[in-house]
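Descriptive analysis of the structure
Each chain is listed here by its residues.
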Amino acid sequence: MSTSSNGSPTVKFFSGEDIPLELHKVRIVQKLNLIPIEERHKAIVEAGFNTFLLTTKTVFLDMLTDSGTNAMSDNQVASMLRADDAYAGSQSYMRLEEAIREAFNCRYFLPVHQGRAAENIISKTFVKAGDVIPMNYHFTTTKAHIEINGGTIFEIYTDEALKVKSTHPFKGNLDIGKLKDIIKKYGADKVAYVRMEASTNLIGGQPFSIANMREVRQVAREHGIMVVLDASLIGENAWFIKQREPEFRDRSIKEILHEMIGLADVTYFSSRKVSSTRGGGIATNNEEIYKKLKDWIPLYEGFYTYGGMSIREVEAMAVGLIETLDESIISQSPSFIRYMVNELDRLGIPVVTPAGGLGVHIDAGQFLSHVPQTEYPAGALAAAYFLVSGVRGMERGTISSVRDAQGKDVLADIELLRLAMPRRVFTLSQVKYATDRLHWLFQNRHLVGGLRFYEEPPVLRFFGGKLEPTTPWPEKLVAKFRADFGNSL
Ligand SMILES: *Cc1c(COP(=O)(O)O)cnc(C)c1O
């Protein structure tokens, strides 16, 4: 293995082509359905133009999320067979604790059934009414849990974070000046904690640097404030640190993880992302914090040694955590993402750069610049892309936001279509197909119109809400597809 110009682990090709190579073989496969566009049209109408409501019978490439959809390794599957089923004190749990010590260097661990359950317990314990919680950027479930407990979040990202076109290596950094201002304005005792999110999900899987986290840590410590690390996408963040932060070029992923986690008082994660299984957890080296959090586990999750997970998942999670330390595994998704981002960029399609972890993020505001933000360009693009390709992405824009007290939409900072790249799931030709159809859609973007809600849940509306097109644009898109592609699928 060698390292290409921008540091991604590609094998050099004689042809000079810069393409990623799968460093695994596929031994269990699942048949996919690629159905005609007319049937996809019916499916997206039935789903209320909300890709969350599609069934996988109609989806070709499922790029909705990396949550629980990464491929498991043979070793993970094998570990599930030796699961020691016991309500309490299972050996499987002991192996998980050991994996946490090895991968995260944390002494205390609390298992939970998924990432948001950790957020529930942390918010319940540390957030009081009137508290403020500064962070590099919010995640949907994080924000909801903090607000339900009476806290207010402050997103103090740097100016570079929301720029679509950028070469900044660490768009997930927190603005230290703004952090100091918040502490001064509200007083340190009102700051429940500072939250750092690894590979900042909603702004394009963008990492923060260790230099930045060190500064966060120092300011927080000076004021006696806790640092909470959301490590759901920590493997990719560690990978980017190795690639992009010179101090860590020659350090192992394990050393980088220990450094990052060592700068936090509490680390929590969704195992659906980190280790391709269900579940999640909270890890710390602080006994006092551990004791404060501990009592909620049996109440909300399950006994301390399974936390709402099946024991099989506990085993697979332990193996998955250790596999996170393997560069050839952790680099797989970022190198495929980098390939697709570079291709789209070359084709002139507005895509978030530099490539992050998690997935490819298309700037829907620019892609569909003729669709007003009140008609949800990111949602419209997600629906249109599914229609013409069978690829399911996720809206990350105004639909994923909420309405204000007056019932008006709070327009998102940035309208994104996210195409998640679950680890080791797709092949290069599938990624090429996804790129090709998006290219066609870009050429025909003027045909795509907006959406409006006809069924809108009050909480997390992006999951269950239903919309309809504001004009009959889907019919036009189907007709143009047939004209250009004949009877091709
Ligand atoms: C997915 C995710 C969560 C929530 O985890 P779940 O397992 O889906 O509940 C929290 N934070 C981040 C950054 C995530 O990506």
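Summarised in this report is the structure supplied together with it.

Procedures and definitions
- Residues numbered from 1 in each chain as written.
- Predicted model: local features only at pLDDT ≥ 70, side-chain atom pairs only at ≥ 80, totals over all residues.
- Heavy atoms only, no water.
- Phe/Tyr/Trp six-rings, centres within 6.5 Å; stacked < 30°, edge-to-face > 60°.
- Helix = DSSP H or I, 4+ residues; strand = E, 2+ residues; numbered from the N terminus.
- Buried < 20%, exposed > 50% of the residue type's maximum accessible area, 1.4 Å probe, protein only.
- Lys NZ or Arg CZ within 6 Å of the ring centre and 35° of its normal.
- Near = heavy atom within 4 Å.
- Polar contact = N/O pair within 3.5 Å; in protein donor to acceptor, adjacent residues only side chain to side chain.
- Areas by Shrake-Rupley, 256 points an atom, 1.4 Å probe, with all protein chains shown as cover.
- Patch = residues over 30% accessible without salt bridge, like charges linked within 9 Å, V, L, I, M, F, W, Y side chains within 5 Å.
- Salt bridge = Lys/Arg side-chain N within 4 Å of Asp/Glu carboxyl O.
- Core = buried A, V, L, I, M, F, W, Y, C linked by side-chain atoms within 4.5 Å.
- Contact = heavy atoms within 4.5 Å.
- Pairing = 2+ DSSP bridges.

Description of the packing of aromatic side chains
Evaluation of the coordinates by the stated rule reveals 20 aromatic pairs. Measuring from ring centre to ring centre gives 5.7 Å for Phe52 and Phe462, while their planes differ by 50°; the resulting arrangement is tilted. A residue pair is termed long-range when its members are at least 10 positions apart, and Phe52 in the loop between α1 (37-46) and β1 (61-62) and Phe462 in helix α19 (residues 461-464) qualify at 410 residues. By relative accessible area, which is 5% here, Phe462 ends up buried. Ring geometry for Phe154 against Tyr186: centres 5.4 Å apart, planes inclined by 50°, an arrangement best described as tilted. Of the two residues, Phe154 sits in strand β4 (residues 152-155) while Tyr186 sits in helix α6 (residues 176-186), which places them 32 residues apart along the sequence. Accessibility expressed as a relative area gives 31% for Tyr186, which makes it partly exposed. These aromatic residues form a ring-pair network of at least three members: Tyr87, Phe303, Tyr304 and Tyr306. Above the ring of Phe485, the side-chain terminus of Arg437 is found at 4.3 Å from the ring centroid.

A closer look at the site of the ligand
With respect to spatial proximity, 13 residues lie near the ligand, and among them Gly115, Arg116, Asp230, Ser270 and Lys273 are the closest. In the model, an oxygen atom of the ligand is placed 2.9 Å from a nitrogen or oxygen of the Gln114 side chain. The protein chains hide 98% of the 380 Å² of surface that the ligand would expose on its own. Residue assignment for the shell around the ligand shows that the elements contributing at least two residues are α4 (115-126) and α10 (271-274).

Looking at a nonpolar patch on the surface
On the surface, Val11, Phe13, Leu21 and Leu23 cluster together to form a nonpolar patch covering roughly 290 Å² of accessible area. Examined against the element boundaries, Leu21 turns out to sit in the segment before α1.

Quick notes on the nonpolar core
Core analysis: the largest hydrophobic core is formed by 61 residues, its most contacted members being Val360, Ile362, Tyr385, Leu441 and Leu477. For this core, the leading source of residues is helix α17 (residues 377-389), giving ten residues. Those residues within four positions of Leu477 in sequence are excluded, and the remaining contacts are Ala384, Leu387, Val388, Trp440, Leu441, Asn444, Leu447 and Val448. In terms of nonpolar packing, the next biggest core, distinct from the first, is built from 53 residues, Ala103, Val216, Ala231 and Met317 among them.

A few points about the pairing of strand β12 (residues 416-420)
Burial within β12 is extensive, with five of its five residues counted as buried. Alternating positions in β12 separate into two faces, Leu416, Arg418 and Ala420 on one and Leu417 and Leu419 on the other, with burial throughout. Strand direction decides the pairing type here: strand β9 (residues 359-363) and β12, joined by five bridges, are antiparallel. Bridging across to β12, Gly359 finds its partner in Ala420. Here strand β11 (residues 394-396) pairs with β12 via three bridges, running antiparallel. Looking at the pairing, Met394 lines up with Arg418 of β12.

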